Amino acid sequence: MASESNSSSSQPPTEVTDDKTSATTISDQTNNSTTTPSSMETPPVISSSDGVPNFPKPTSPRENTSQSQSQNTGKWAIARIASGFGLISSKSSGPNDNSTPSPSASSPSAVLQSVGKGLVDASLGAVKVVQVRARHMVSQNKRRYQEGGFDLDLTYITDNIIAMGFPAGDMSSGLFGYFEGFYRNHMEEVIKFFETHHKDRYKVYNLCSERLYDASLFAGKVASFPFNDHNCPPIHLIPLFCQSAYSWLKEDILNVVVVHCKAGKARTGLMICSLLLFLKFFPTSEECIEYYNQRRCVDGKGLILPSQIRYVSYFERILRDFNGESPPGRRCMLRGFRLHECPYWVRPSLTVSDHNGILFTTRKHPKTKNLMPEDFWIRAPKKGIVVFALPGERGLTELTGDFKIQFHDRQGDFYCWLNTTMMENRVLLQGSDFDDFDKRKLPVPGFKVEIVMIDYDGTIPEKYKSSDKPMLISSNDSSPSYNNPSNSARNKDSDENVFSDSDDDDQKDEDKSTVSIALPPGKIESQVTTLNKNTQQLSLNSNPTLVKTEADKPKPKPIPNLNPGDIKAIAADASVFSFGDDEDDLSD
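Reading guide: rules and limits
- Residues numbered from 1 in each chain as written.
- Predicted model: local features only at pLDDT ≥ 70, side-chain atom pairs only at ≥ 80, totals over all residues.
- Heavy atoms only, no water.
- Helix = DSSP H or I, 4+ residues; strand = E, 2+ residues; numbered from the N terminus.
- Buried < 20%, exposed > 50% of the residue type's maximum accessible area, 1.4 Å probe, protein only.
- Contact = heavy atoms within 4.5 Å.
- Areas by Shrake-Rupley, 256 points an atom, 1.4 Å probe, with all protein chains shown as cover.
- Pairing = 2+ DSSP bridges.
- Axes fitted to C-alpha atoms, helices over the stretch in contact; angles between N-to-C directions.
- pLDDT = per-residue confidence, 0-100.
- Left-handed = near helix turned anticlockwise from the far one by under 90°.
- Nonpolar A, V, L, I, M, F, W, Y, C, P; charged D, E, K, R; others polar.
- Phe/Tyr/Trp six-rings, centres within 6.5 Å; stacked < 30°, edge-to-face > 60°.
- Lys NZ or Arg CZ within 6 Å of the ring centre and 35° of its normal.
- Salt bridge = Lys/Arg side-chain N within 4 Å of Asp/Glu carboxyl O.
- Expected span 1.5 Å × (residues − 1).
- Arc of directions from axis to C-beta.
- Parallel < 35°, antiparallel > 145°, perpendicular 65-115°, else oblique.

Engineer: Please provide a residue-by-residue account of the overall build of the protein chain, values included.
Structural biologist: Per the secondary structure count, the protein chain includes 16 helices and 15 strands. Relative to its 588 residues, the protein chain shows a buried fraction of 40%. Here the contacts in the protein chain between residues at least 6 apart in sequence split such that 68% fall between residues at least 24 apart. Within the structure as shown, the protein chain displays about 32,900 Å² of accessible surface, and the carbon and sulfur contribution to it stands at 55%.

Engineer: Outline the pairing of strand 12 (residues 402–408), supporting the account with residue identities and numerical values.
Structural biologist: Here strand 12 lies mainly inside the structure; six of its seven residues are buried. Bridge analysis of strand 7 (residues 349–354) against strand 12 gives five bridges, and the strand direction is antiparallel. What sits directly across from Leu-350, in strand 12, is Phe-407. Two strands pair when backbone bridges link them, and strand 12 and strand 13 (residues 414–419) are joined in this way by six bridges, in the antiparallel orientation. What sits directly across from Gln-406, in strand 13, is Tyr-415.

Engineer: So, the sheet that holds strand 2 (residues 161–164): which residues are in play, and what are the values?
Structural biologist: Strand order across the open sheet formed by five strands is 1-2-5-3-4, with mixed pairing between neighbours. What marks the edges here is a single partner per strand, and that holds for strand 1 (154–156) and strand 4 (222–227). On average, each strand axis in the sheet is tilted by 20° relative to the strand beside it, whichever way the strands run. Both strand 3 (residues 202–208) and strand 4 contribute to a ladder of four bridges, which runs parallel. Among the inter-strand pairings, Asn-206 is bridged to a residue of strand 4, identified as Ser-224. Each of strand 1 and strand 2 is contacted by helix 8 (residues 285–296), which is oriented at about 130° to strand 1, the strand it contacts most.

Engineer: Before we move on, could you go through the confidence of the model for the protein chain and cite the residues and values that matter?
Structural biologist: Per-residue confidence for the protein chain gives a mean pLDDT of 72; residues scoring 70 or more make up 57%. Low confidence marks residues 1–71, where pLDDT is under 50. Its contacts with residues over four positions away, or in another chain, come to 35 contacts. With pLDDT under 50 throughout, residues 538–550 is counted as low confidence; its partners more than four residues away or in other chains account for 10 contacts.

Engineer: Explain the packing of helix 6 (residues 237–249) against helix 7 (residues 266–278) to me, using residue names and the numbers behind them.
Structural biologist: Across the interface, helix 6 lies against helix 7 with an axial gap of 9 Å and an inter-helix angle of 65°. Judged by the sense of rotation from one axis to the other, the crossing of helix 6 with helix 7 is right-handed. Contacts from Leu-237, Ile-238, Phe-241, Cys-242, Gln-243, Ala-245 and Tyr-246 in helix 6 reach Leu-270, Met-271, Ser-274, Leu-275 and Phe-278 in helix 7. Considered class by class, the residues forming the contact of helix 6 with helix 7 number 10 nonpolar, two polar and no charged.

Engineer: Residues and numbers for the packing of aromatic side chains, please.
Structural biologist: The geometry of an aromatic ring pair is captured by two quantities: the separation of the ring centres and the angle between the planes. Under the defined criterion, the tally for this structure stands at 26 aromatic pairs. Taking 4.9 Å as the distance between ring centres and 70° as the angle between the ring planes, the aromatic pair formed by Tyr-145 and Phe-193 counts as edge-to-face. Highlighted residues: Tyr-145 in the loop between helix 3 (108–139) and strand 1 and Phe-193 in helix 5 (residues 187–197), separated in sequence by 48 residues. Exposure remark for Phe-193: the relative accessible area of 0% places this residue in the buried category. One aromatic cluster is present, built from ring pairs that chain together Tyr-145, Phe-150, Tyr-156, Phe-166, Phe-193, Phe-194, Tyr-202, Tyr-213 and Phe-218. Stacked on the ring of Phe-166, the Lys or Arg Arg-211 has its end atom at 5.9 Å from the ring centre.

Engineer: Residues and numbers for the sheet that holds strand 13, please.
Structural biologist: Pairing is antiparallel across the open sheet formed by four strands, whose spatial order is 8-7-12-13. What marks the edges here is a single partner per strand, and that holds for strand 8 (357–361) and strand 13. The sheet shows a mean angle of 25° between the axes of neighbouring strands, taken without regard to direction. Across the sheet, helix 9 (residues 306–321) touches strand 12 and strand 13, and the angle it forms with strand 13 is around 10°.

Engineer: Talk me through the pattern of salt bridges; I want residue IDs and the actual numbers.
Structural biologist: Counted under the stated rule, the structure contains 20 salt bridges. A salt bridge links Arg-331 to Glu-398; the shortest N-O distance between them is 2.2 Å. Linking Arg-331 in strand 6 (residues 331–340) with Glu-398 in strand 11 (residues 397–400), this pair joins segments that are 67 residues apart in sequence. The exposure class assigned to Glu-398 is partly exposed, which follows from its relative accessible area of 29%. Note that Lys-439 is salt-bridged to Asp-436, the shortest N-O span being 3.5 Å. Assessed through its relative accessible area of 65%, Lys-439 is described here as exposed. Here the residues in one salt-bridge network are Glu-210, Asp-229, Lys-262 and Arg-267, joined through shared partners.

Engineer: Give me the environment of Leu-418: which residues, what numbers.
Structural biologist: One can find Leu-418 in strand 13. Filtering out sequence-adjacent residues up to four positions away, Leu-418 remains in contact with Arg-310, Tyr-311, Tyr-314, Gly-401, Asp-402, Phe-403, Met-423, Leu-429 and Ile-451.

Engineer: Give me the lowdown on helix 8, citing residues and values where you can.
Structural biologist: For helix 8, which comprises 12 residues, the first-to-last C-alpha distance of 16 Å matches the rise-based estimate of 16 Å (1.5 Å per residue) to within 8%. Of all the residues in helix 8, the buried ones are Ser-285, Cys-288, Ile-289, Tyr-292, Asn-293 and Arg-296. For helix 8, the angular spread of the buried residues around the axis is 130°, confining them to a single face. Residues of helix 8 that are buried make contact with strand 1, strand 2, helix 7 and helix 9.

Engineer: Before we move on, could you go through the packing of helix 8 against helix 9 and cite the residues and values that matter?
Structural biologist: Close contact between helix 8 and helix 9 brings their axes to 9 Å; oriented N to C, the two are set at 135°. Classified by the angle their axes make, helix 8 and helix 9 are oblique. Read as a crossing pair, helix 8 and helix 9 show a hand that is right-handed. Between helix 8 and helix 9, the contacting residues are Ser-285, Glu-286 and Ile-289 on the first element and Ile-309, Val-312, Ser-313 and Glu-316 on the second. Across the contact of helix 8 with helix 9, the residue classes break down as three nonpolar, two polar and two charged.

So, in structure tokens, the structure goes:
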């Protein structure tokens with residue numbers, strides 16, 4: 001009993017001794033730092049600068065007035081802030097961890113290095129988020145492929161036909177193409193996608209004329225069929241593309257065709273819709289376009305440019321009427337234009353071009369370059385119609401195959417692509433048939449453009465070859481397809497009044513007027529004598545040509561520049577701009 005009581009009475013001092021021993025051990029582990037008496041009553045606090053920087057500081061019930069604790073308060077606050085941003089990793093040592101941290105871990109350079117690394121990681125994450133948002137904004141209404149960790153501007157039109165945006169981000173596509181990788185499909189991701197899903201089974205078709213890349217990036221399986229953005233291709237390029245894609249698809253049932261332009265929508269849609277027609281997915285161009293628009297875009301607005309839609313219908317005719325072979329271009333002469341339902345504020349200048357360059361422009365032609373568009377568009381007798389043509393010339397320019405007509409107007413430009421083989425000599429286009437017409441500042445309801453051409457074989461009649469009569473106007477220039485026997489006589493009668501350059505009218509002119517054009521001043525009398533001798537010789541010989549000396553030959557004269565008064569004076573005779581029909585001839 002005594003031993004039990006002694007044992008029980010001696011146990012409390014033993015517990016106090018253990019507490020003091022543990023406190024002494026903690027003080028030794030903190031490099032024998034000085035402690036105040038109050039520290040024995042509070043939880044242990046690490047006051048050494050060699051401790052773990054982001055170790056959480058315990059909350060004390062009473063304020064510690066120690067100088068070491070006040071110095072560490074700022075350090076722990078910085079550590080907590082850095083830890084909250086993920087800049088400094090949290091590492092807690094176990095109770096039995098006797099290893100001391102390296103001196104470099106607590107040095108200012110190590111802390112700055114950790115902070116810098118955290119900032120870089122945070123910046124890369126922010127850039128990635130911005131990049132994803134930028135790619136989605138550039139995609140606009142196009143459907144994206146977002147499966148298996150991929151997020152690409154790419155759409156399966158069919159199981160074997162893929163439409164996608166330009167694979168940018170490689171220096172082989174130029175500096176701008178390299179930076180485009182930030183907001184377009186990145187080349188590395190595109191290659192990874194096809195190597196994952198269609199390894200050795202894909203062929204890429206690049207439609208961009210403004211940007212190329214190294215074909216070896218896709219194992220050399222790249223074909224280029226380039227043409228300009230917002231434009232139509234040469235019509236022979238469409239059958240070539242379809243035949244190439246079909247040859248690749250028929251080699252293996254698992255082969256896929258990948259078509260892209262810059263955005264992977266309009267030019268890509270033109271070629272893919274033509275390929276769907278070629279593969280007989282649908283019988284008409286309208287069905288192919290409707291299917292493509294629904295598959296490629298969430299709002300069904302993929303292929304929407306009227307000229308590009310027109311060229312898909314052209315290819316439908318090629319398949320039907322020409323057995324899929326590209327037809328030769330029909331040779332024509334562009335006579336002029338009529339604008340129907342045209343208000344007074346629509347007076348555009350004109351540019352006619354093809355895939356090789358500009359053929360005609362009113363801004364540079366000698367007869368129109370010094371005139372305002374309001375001066376060379378002539379009001380026709382019929383209300384709401386204005387006409388443009390070049391008086392005294394057969395036409396504006398020669399056309400063969402594809403050509404583009406662009407109207408430059410202060411309210412907004414609009415244009416269209418046409419093909420001479422696929423159209424008639426007279427075409428009446430609505431405003432909705434022109435590209436960018438809906439983007440004009442002012443609407444023009446009911447506006448129409450009539451394009452007038454004639455068949456042309458390259459030969460010029462004698463009356464157009466004469467260089468000594470540049471101001472004489474011929475109004476009977478239309479082709480036989482426009483002049484039927486019923487109105488040809490009436491046109492001839494109306495045209496021979498003033499603006500006719502036929503041989504019969506020349507013989508009716510007085511000799512004085514002929515001499516005044518051809519003779520140099522000061523030698524009129526001698527030249528009149530020579531002219532009389534030539535006239536007598538003409539009456540005796542069967543050869544109708546005159547025998548002239550060097551002095552008798554008229555010197556060629558340059559094409560004169562017309563002023564607004566000249567244009568309006570010529571327009572007084574409406575038959576000059578009648579283009580061979582009898583609509584304007586009836587209103588004298």
